[in-house]
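Here is what each chain is made of, one letter per residue.
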Amino acid sequence: MPAPGTPKVSMNVTTTFFGNVVQDIRLAKEAGFGGIELQSPKLYRYLDAGFAVETLPPLLEGLEVTGLGAVLDVERQGAARAEFLAEVRRMCSVAVAVGAPIVQLCTGPVDWHVVEDFRAGTLAADDPRYRATLGLEETEAVAVTAANVREAADVAADHGLELYLEPLAWARLNRCRHALAVIEAAGRDNVGIALDTWHFWTTGDTLEEVAALPKELIKAVHLSDGFELDRERDVPAQDVHRDVVLGGGSIPLQQWVDAVKSTGYDGWWVSEMFSRRANEQDPLVVATTMRNLLAILVS
C-alpha cells in the first residue's frame, strides 16, 4: 500500500497501450504509480507465450496489482456460458498468483459495431456476432446477467476474491442503475462496481447518482476522458468518442473525482486511456504525465 498521504493511483495498462506485461510493469514503477491494473489481452499473451504466472510476482515487487481484467460479455448463454465461467476460473487463478484482490467483469457485447447495426435495424437474425442482451426487456436482461454474475461471484469467493462489474456505455445494460440492479439480483456480497468516468458520463449518469452510491460498492475508479456525443442518436465508440488524452476531452474530471470522494471512497484511482496520439509518444512520458495528473485530481 502507498505511504499515508500518497495518492492511491494505479495504472491501467491501456495507459501504455502498445507495451507488453514486462514493459508495463517497469513503466508503472518508473512513472511513480503505486499500483497497476493488469488486463487480459497483454496478460494472456504473456502466459500463452509460455511464461509461467510465477514469473510475474518478482517483476511486480514494489507495485500492487490493484485489479485484473477483464472477463467480457458477462451474460453469455448456452455453450458460451461454460466458456465464460472457464474464463472466470482462469482469471481468478491468475489473480491469486499475482496478488490481485479483485477481477473485472464487463457487460456486452464488447463489439459496439453490433450495437450500431442493431439500432440501425440491419442486424440480421442469422448474423453470428454476439449480441448479448440486445432486444431483451430490461428486467430480463438484468436477470440473465445477474445469474452469470452470481455464479462468477461464487467462483471468485472460492479463490478469496471480489468482482467489479463495469457496464459498457454501448451495451444493453450500460447505466449505473443497471449495475446496481444486477448486483442486487445476483445477491452476492463480493460484487461491486468499477466506476468508469467515461462509461458513466457517456450514458448520462449524473454526479448526483455517483454521490449517492454506497462507498463499499465502489471497488475501483477508472479516470478516463471522452468527447461530446448525441446520447439519443450516437452509439458510443471507443475509437471515436474516447480517442483523447486524459484532461483533453469534455468530461469535467475534477467534478467526478469530487463526487466520488463525497461518498467516502478511499480506494484506488486508475488511469485508463484510448488516445491514438498518446500511443505514439514515449510511453514513459505518457505514463508519468498521467500519474501526475491523477495525483493532482485526487489529492
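In what follows, the accompanying structure is described.

About the thresholds
Residues numbered from 1 in each chain as written. Predicted model: local features only at pLDDT ≥ 70, side-chain atom pairs only at ≥ 80, totals over all residues. Heavy atoms only, no water. Helix = DSSP H or I, 4+ residues; strand = E, 2+ residues; numbered from the N terminus. Contact = heavy atoms within 4.5 Å. Buried < 20%, exposed > 50% of the residue type's maximum accessible area, 1.4 Å probe, protein only. Arc of directions from axis to C-beta. Phe/Tyr/Trp six-rings, centres within 6.5 Å; stacked < 30°, edge-to-face > 60°. Lys NZ or Arg CZ within 6 Å of the ring centre and 35° of its normal.

As a further point, take the environment of alanine 52. Relative to the helices and strands, alanine 52 resides in the loop between helix 2 (40-48) and helix 3 (56-60). Here alanine 52 is in contact with Tyr46 and Leu47, once residues within four sequence places are set aside.

Within the element layout of this structure, phenylalanine 200 appears in helix 8 (residues 197-203). You can call phenylalanine 200 buried: its relative accessible area is 1%. Separated by 24 residues in the primary sequence, phenylalanine 200 and cysteine 176 have C-alpha atoms spaced 6.9 Å apart. Once residues within four sequence positions are removed from consideration, phenylalanine 200 is found in contact with Cys176, Ile193, Ala194, Leu195, Asp205, Val210 and Trp256.

Another aspect to go through is helix 7 (residues 176-186). Of all the positions in helix 7, only Cys176, His178, Ala179, Val182, Ile183 and Ala186 are classed as buried. Down the axis of helix 7, the sector holding all buried residues measures 160°, keeping them to one side. On the buried face of helix 7, the contacting elements are helix 6 (138-158), strand 5 (162-166), strand 6 (191-196) and helix 8. Where helix 7 terminates, the next one or two residues include glycine 187, which has phi positive at roughly 70°.

Next up on the list: the packing of aromatic side chains. Scanning all chains against the criterion turns up six aromatic pairs. A centroid spacing of 5.2 Å and a plane angle of 70° characterise the contact between tryptophan 112 and tryptophan 170, whose relative ring orientation is edge-to-face. In this pair, tryptophan 112 is assigned in helix 5 (residues 112-120) and tryptophan 170 in the loop between strand 5 and helix 7, connecting sequence segments 58 residues apart. Both residues of the pair, tryptophan 112 and tryptophan 170, count as buried. Consider the rings of tyrosine 265 and tryptophan 269, whose centres lie 5.4 Å apart with planes at 85°: the pair is edge-to-face. The exposure classification of tyrosine 265 matches that of tryptophan 269, with both residues buried. Cluster of aromatic residues (ring-pair linked, three or more members): Phe17, Phe18 and Phe274. Across from the ring centre of tyrosine 44, 3.9 Å away, lies the NZ or CZ of arginine 90, which sits over that ring. The ring centre of tryptophan 201 lies 5.2 Å from the NZ or CZ of arginine 231, which sits over that ring.

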